[in-house]
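Secondary and tertiary structure notes
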Amino acid sequence: MRGDTAYGSSADDAVAPRGVPLDLRSTMTPILFVYAKGGPPLEYAVPRIAAHAEVHVLALAPLPRITESVWLPACASVTTAPPGEGVELVDLICSHARRVGAEAVLTLSEYAVVAVAHASLRLGLRGAGERVAGARDKRLMRRIWRDAGVPVPRFAEIHAPEDIAAAFRTLRPPLLLKAAWSAGSTAHLTVWNEQQAEAAWKTGRSVMEASSAQGYAELHAADEGVSDFLLEEIVTGEAADWFDADGWGDYVSVEGIVADGRYHPLCITGRMPTIAPFTERASLAPAALPEALQRRIEEVSRAAVDALGLDTCATHTEIKLGADGAMWLIETAARFGGVMTTRQVETVFGFDMIGMLVRQLLGQEVAYPERMLTEGAGAGGGEGAAGSLVILAVDPAGRPWTELPAWDFESVDWAALVAPGSRVELVREHSLAPGSPVPPYEEAGGANSMAALCFLTAESGPQLLADCGRILAALPDALTAPAVTPALGSGPAAPTDSGSGPAAPTETSPLSADRPTPGSPA
């Protein structure tokens, strides 16, 4: 059932919805933006959609009120509705798309990708296509890749306790238990024997049920999102065989867009080492890899995405880097990378990926590079380095903090922790409210245990990596230290539009949501 909200009017109202001026709305092509939990912050994303289309929002989750002064003016209408699931959800999306005359339907959330793809098919619009489940259900994804000869870890699907016993007869432990429809490393646990696996399976289902209650779970197949799991062999990464410098993680992701069935890899983003079992800590661009190695990664990503048979969508493909040049596919998502990946790519490589996808969905011309860009610093119009740093209650070695202070971005002397020229911003939409206690890190919870997300820029990749290392080493002590008054001339500058121009070292971007915990930004 639709309803009026504080954000605007429902489509059934006779009055014009608030947001974009009527004269502008009347000259642009309508697009339906389906909002659900996860994805880039609305303050960053919505203006980039609105630059190319008249934006009508169908919100399946509570919207971030604190940033509405930025994203709401870019919207022609905003309607909230309970999501439902399966056919009911697809019906809802189709009905609203027809009501606003949408010529494309877009979501940036992992949890709504399948429903939006099915709705687009029914409406005869461009979208991820009928094979979208292969980019969502990790079991189907691995079957497709195995059959296509794409390198993946050996795995077994878990539907019942007897499947666990069978997995340990054919796979080599330790094994990683994964929820088939999860994101942000939620419900991932390492197990060494059948008894541990059975206990982990129970824990994993409980975690997925809790995540679902908070809106961080698959919307199109809600029951399967809680119950479906797999066990897979843990492949060993070897970052030293790929990176010349220390501090890099042993996997990367390739960011791209599939346009009418043709895959366009755009660039690679790197990582810091994960926290046990495999929770992401920081995403960094550019990745400090020689071009020859990046080209090898590009071709493996192409084989993986091509095998999935997607039509038109964003892609985020994660690849494990092993010894002697070995690679394994971790997963491909039919959406952009989580955290602030889209802003990282725009900052460093000059690609407004959200705007590019919107134009592609609308059938407009989009200029793609002939080959994936392998350098930032001017390539494609970008510059420097940029990263997303997830704040979790663990030290640089992955050990839990002995104290859990209150989260307060403003209490930290960020300028003392980063190099001259580097900047740190708080992404409030993916962060706890000031004064909230930092939650303890739980392996099964993955990114659901995060306290905050910070966006960093630096003059170079090595500088960015060092900045992240200093911040992680300084926390949590830096949260309890008294605030330092900035020296004359070094105070914060006036806020700028996210993604355009430098921010001050302690700038706070108004990116928050009305919720007690940030949850997964995937």
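My aim in this report is to walk through the structure given alongside it, one point at a time.

1. Focus: helix H2 (residues 42-50)
H2 sits mainly inside the fold: 8 of its 9 residues count as buried. For H2, the complete set of buried residues consists of Leu42, Glu43, Tyr44, Ala45, Val46, Arg48, Ile49 and Ala50.

2. Describing the sheet that holds strand E4 (residues 105-107)
Read from one edge to the other, the open sheet built from 4 strands follows the order E3-E2-E1-E4, with strand pairing classed as parallel. The sheet is open, and its two borders are formed by strand E3 (75-80) and E4, each paired with just one other strand. Going from strand to strand, the sheet's axes swing by 25° on average, the running direction of each strand aside. In this sheet, strand E2 (residues 54-59) lies alongside strand E1 (residues 30-35) in parallel orientation, the contact comprising 6 bridges. Bridge pairing in E2 places Val34 opposite Leu58. Against the sheet, H2 makes contact with E1, E2, E3 and E4, and its axis sits at roughly 160° relative to E1, the strand it touches most.

3. Brief notes about the side chain of Asp467
For Asp467, the position within the fold is in helix H13 (residues 461-474). Residue Asp467 is classed as buried on the basis of its relative accessible area, which comes to 0%. Reaching out from Asp467, the side chain makes a polar contact with the side chain of Ser422 at a distance of 2.5 Å. When near neighbours in sequence (up to four residues on either side) are disregarded, Asp467 contacts Leu417, Val418, Ala419, Ser422, Leu456 and Ala458.

4. So, the sheet that holds strand E8 (residues 229-233)
Taken in spatial order, the 4 strands make up an open sheet running E5-E8-E6-E7, and their pairing is antiparallel. Of all the strands in the sheet, the pair left with one neighbour each is strand E5 (155-158) and strand E7 (188-191). The average undirected angle you get between the axes of adjacent strands in this sheet is 25°. Across 4 bridges, the pairing between strand E6 (residues 175-179) and E7 is antiparallel. Across the sheet, the residue bridging to Leu177 is Leu189, located in E7. Helix H6 (residues 138-148) rests against E5, E6 and E8 of the sheet, and its axis sits at about 145° to E5.

5. Describing the packing of helix H4 (residues 86-100) against helix H5 (residues 113-123)
In contact at an axis separation of 9 Å, H4 and H5 are set at 55° when each is read in the N-to-C sense. When the interaxial angle is binned, H4 and H5 end up oblique. Crossing of H4 against H5: the hand is right-handed. Counted together, Val87, Leu89, Val90, Asp91, Ile93, Cys94, Ala97 and Arg98 of H4 and Ala115, Val116, His118, Ala119, Arg122 and Leu123 of H5 form the full contact between these two elements.

6. Some remarks on the pairing of strand E10 (residues 262-271)
Among the 10 residues that make up E10, 9 are buried, leaving the element largely enclosed by the rest of the structure. Where strand E9 (residues 251-259) and E10 come together, 7 bridges link them in antiparallel fashion. Residue pairing in the sheet places Ser253 in a bridge with Thr269 of E10. Remark: 2 residues form the turn of the hairpin made by E9 and E10, two consecutive strands paired antiparallel; Asp260 in that turn has positive phi of roughly 50°. Here E10 pairs with strand E11 (residues 282-285) via 2 bridges, running antiparallel. By the bridge assignment, Gly270 is partnered in E11 with Leu284.

7. A few points about H13
Quick reminder: α-helices carry 3.6 residues per turn. Residues three or four places apart thus point the same way. With 14 residues, H13 should cover 20 Å at 1.5 Å per step; its first-to-last C-alpha distance of 20 Å lies within 8% of that length. Gly461, Gln463, Leu464, Leu465, Asp467, Cys468, Ile471, Leu472 and Ala474 are the residues of H13 that are buried. As for H13, its buried residues are in contact with E11, strand E14 (385-391), strand E15 (423-427), strand E16 (452-458) and helix H14 (477-480). Of the residues that open H13, the one with a side-chain oxygen 3.2 Å from the backbone nitrogen of Gln463 is Ser460.

8. Looking at the pattern of salt bridges
Considering all chains together, one arrives at 23 salt bridges under this definition. A salt bridge links Arg122 to Asp91; the nearest nitrogen and oxygen atoms lie 2.5 Å apart. Of the two residues, Arg122 is situated in helix H5 and Asp91 in helix H4; the sequence distance between them amounts to 31 residues. Residue class for Arg122 comes out partly exposed when judged on its relative accessible area of 41%. Two residues, Glu157 and Arg143, come together in a salt bridge whose shortest N-O distance is 2.2 Å. Taken together, the positions of Glu157 in strand E5 and Arg143 in helix H6 put the pair 14 residues apart, joining distant regions of the chain. According to the relative accessible area criterion, Glu157 is partly exposed, its value standing at 22%. Each member of the salt-bridge network shares a partner with another, and the members are Glu291, Arg295, Glu298, Glu299 and Arg302.

9. Considerations on the environment of Ala97
Mapped onto the elements of the fold, Ala97 is located in helix H4. According to the relative accessible area criterion, Ala97 is buried, its value standing at 2%. Sequence separation of Ala97 and Val34 is 63 residues, and the distance between their C-alpha atoms is 9.8 Å. Non-local contacts of Ala97, meaning those with residues more than four positions away in its chain, are made with Leu32, Ala102, Val105 and Leu123.

Rules used throughout
- Residues numbered from 1 in each chain as written.
- Predicted model: local features only at pLDDT ≥ 70, side-chain atom pairs only at ≥ 80, totals over all residues.
- Heavy atoms only, no water.
- Buried < 20%, exposed > 50% of the residue type's maximum accessible area, 1.4 Å probe, protein only.
- Helix = DSSP H or I, 4+ residues; strand = E, 2+ residues; numbered from the N terminus.
- Pairing = 2+ DSSP bridges.
- Axes fitted to C-alpha atoms, helices over the stretch in contact; angles between N-to-C directions.
- Contact = heavy atoms within 4.5 Å.
- Polar contact = N/O pair within 3.5 Å; in protein donor to acceptor, adjacent residues only side chain to side chain.
- Parallel < 35°, antiparallel > 145°, perpendicular 65-115°, else oblique.
- Left-handed = near helix turned anticlockwise from the far one by under 90°.
- Expected span 1.5 Å × (residues − 1).
- Salt bridge = Lys/Arg side-chain N within 4 Å of Asp/Glu carboxyl O.

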